[in-house]
Amino acid sequence: MSKSAVKKIQAIRGMNDLLPSDSPRWQFFEAKVRQLMLRYGFNEIRTPIVEQTALFARSIGEVTDIVEKEMYTFDDRNSESLTLRPEGTASCVRAAMEHGLLYNQTQRLWYQGPMFRYERPQKGRYRQFHQIGIEAFGFDGPDIDAEVILLSARLWQELGLMEHVTLELNSLGSSEARAAYRDTLVAYFEQHLDVLDEDSKRRLTSNPLRILDSKNPAMAEMLDAAPQLMDHLDTESREHFEQLTAMLEAAGIAYVINPRLVRGLDYYCRTVFEWTTTALGSQGTVCAGGRYDGLVEQLGGKPTPAVGFAMGIERLILLLETLELIPEDALGGCDVYLLPMDDSATTAAISLAERLRSELPELRVQLHCGGGSFKSRIKKADKSHASMAILLGEDEITQQSATVKFLRDDREQQSVPQTALGRTLRELLTANA
């Protein structure tokens, strides 16, 4: 077979490469998250991307779209059904139970990594997507709900997003109160069957609360008039919600109550929240969370209160890019480009680069490699996005100096003794910051 006839292998549709031009944006965002988790006392957990299919069938629900249509499921060589994780909470709960992390103790955990769902790819939503999530176990009061929401709010503040997002809140009450509300809601929908679309009619028997999530404009008026779960709350859940909102108000966090914000699975309860934005066009959710006090027990553990959230990295990076909130210095490149002016200076340049890296660990030094004419070397220095090039030639080696050439400013280049080069670079970079 000729080389021209060999079919090129490309990435799977909806699973994207993260190129060097993109990864600095992700590193900027992930670094912000990692620092914040440390400051709030959350510890990172890393779980496999493949789990037993039963974990997600039991946690997400076998009659949900995710399990029925979207999971990447396959049998391994032992005929065991395995699934690429479609979300992170179930894996986190499984790991915490398996390793005894929930036995007579509380836990504050966070994770990040790829998830997989077979969906129609679109901007900000892919078949391999990445999430960051937190899960807090063993706390049953509204204080941890507030803490989780405040952590997310601080992230928006530090990214410059706070004025572009809205916090929506609701309470799902207890499972008993929700069951009674479900009967009331079904009775209401049965009076309006002519308005329900086919998807909602299918959910009427399996998951009627999710009908409230519908974005069908033809159903909007009917849904707005539907009975509200907030009017059917049990006393404890109502007090929990009132204490939570008081804590948020005391912290200066604005919110709106959205009575149509629900979750369809039985293990969810009480607090549910989403951060939404209109900065990407139509309203979209950038972070969703709430309480799931029944999940640990549903997966075989002892009853354990739990609350958490998850956010999609792709959508948040898109939001930051759209609003131009990623600083220039977070877009990659290097600080200085160390350029031997000809091949005879290469060995000396390597030694100087290593000395600078030892003296200034925070300095991003890129050493020119690959030879070429002086003109081509300068072109590569310019493409590196460095603010300065350090030139090293025969004269500099003889005089134990280096020439600093400014690539972004109209300034005279200057000769600096190599013994003072580290200090000079620090001063110049500080002045430009």
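The structure reproduced in this document is the subject of the present report. (Residues numbered from 1 in each chain as written. Predicted model: local features only at pLDDT ≥ 70, side-chain atom pairs only at ≥ 80, totals over all residues. Heavy atoms only, no water.)

### Some points on the overall build of the protein chain
- Counting its secondary structure elements, the protein chain contains 15 helices and 16 strands.
- Relative to the compact-globule value of 22 Å for 433 residues, the protein chain shows a C-alpha radius of gyration of 28 Å, a clear excess of over 25%.
- Each of the three principal axes of the protein chain carries a C-alpha extent, and together these read 90 × 65 × 45 Å.
- Looking at the protein chain residue by residue over its 433 residues, the buried ones come to 47%.
- Here the analysis covers contacts within the protein chain between residues at least 6 apart in sequence; of these, 70% occur between residues at least 24 apart.
- Carbon and sulfur atoms make up 48% of the accessible area of the protein chain, which totals about 22500 Å².
- Between the averaged position of the 48 positive side-chain charges in the protein chain and that of its 62 negative side-chain charges there is a distance of 7 Å. (Helix = DSSP H or I, 4+ residues; strand = E, 2+ residues; numbered from the N terminus. Rg over C-alpha atoms; globule rule 2.2 N^0.38 Å. Buried < 20%, exposed > 50% of the residue type's maximum accessible area, 1.4 Å probe, protein only. Contact = heavy atoms within 4.5 Å. Areas by Shrake-Rupley, 256 points an atom, 1.4 Å probe, with all protein chains shown as cover. Lys, Arg positive; Asp, Glu negative; His and termini not counted. Charge placed at Lys NZ, Arg CZ, Asp CG, Glu CD.)

### Examining the sheet that holds strand S11 (residues 306-312)
- Strand order in this open sheet of 8 strands is S1-S5-S6-S11-S10-S9-S7-S8, and the pairing throughout is mixed. In this open sheet, the two strands that pair with only one neighbour each are strand S1 (43-44) and strand S8 (256-257). (Pairing = 2+ DSSP bridges.)

### Quick notes on helix H15 (residues 421-432)
- Here H15 is 12 residues long and its end C-alpha atoms lie 16 Å apart, about the 16 Å a rise of 1.5 Å per residue gives.
- All of the buried residues along H15 are Leu421, Gly422, Thr424, Leu425 and Leu428. Down the axis of H15, the smallest arc covering the buried residues is 160°, so these residues share one side. In this structure, H15 carries Thr430 and Ala431 as exposed residues pointing more than 90 degrees from its buried face.
- The secondary structure elements touched by the buried residues of H15 are strand S12 (336-340), helix H12 (346-359), strand S14 (388-392), strand S15 (401-406) and strand S16 (414-417). (Expected span 1.5 Å × (residues − 1). Arc of directions from axis to C-beta.)

### Considering the environment of Met71
- Examined against the element boundaries, Met71 turns out to sit in the loop between helix H3 (65-70) and strand S3 (73-75).
- According to the relative accessible area criterion, Met71 is buried, its value standing at 12%.
- Once the C-alpha coordinates of Met71 and Leu84 are considered, the two residues, 13 residues apart in sequence, prove to be 7.1 Å apart.

Read these as layout, nothing more, since geometry by itself doesn't imply function.
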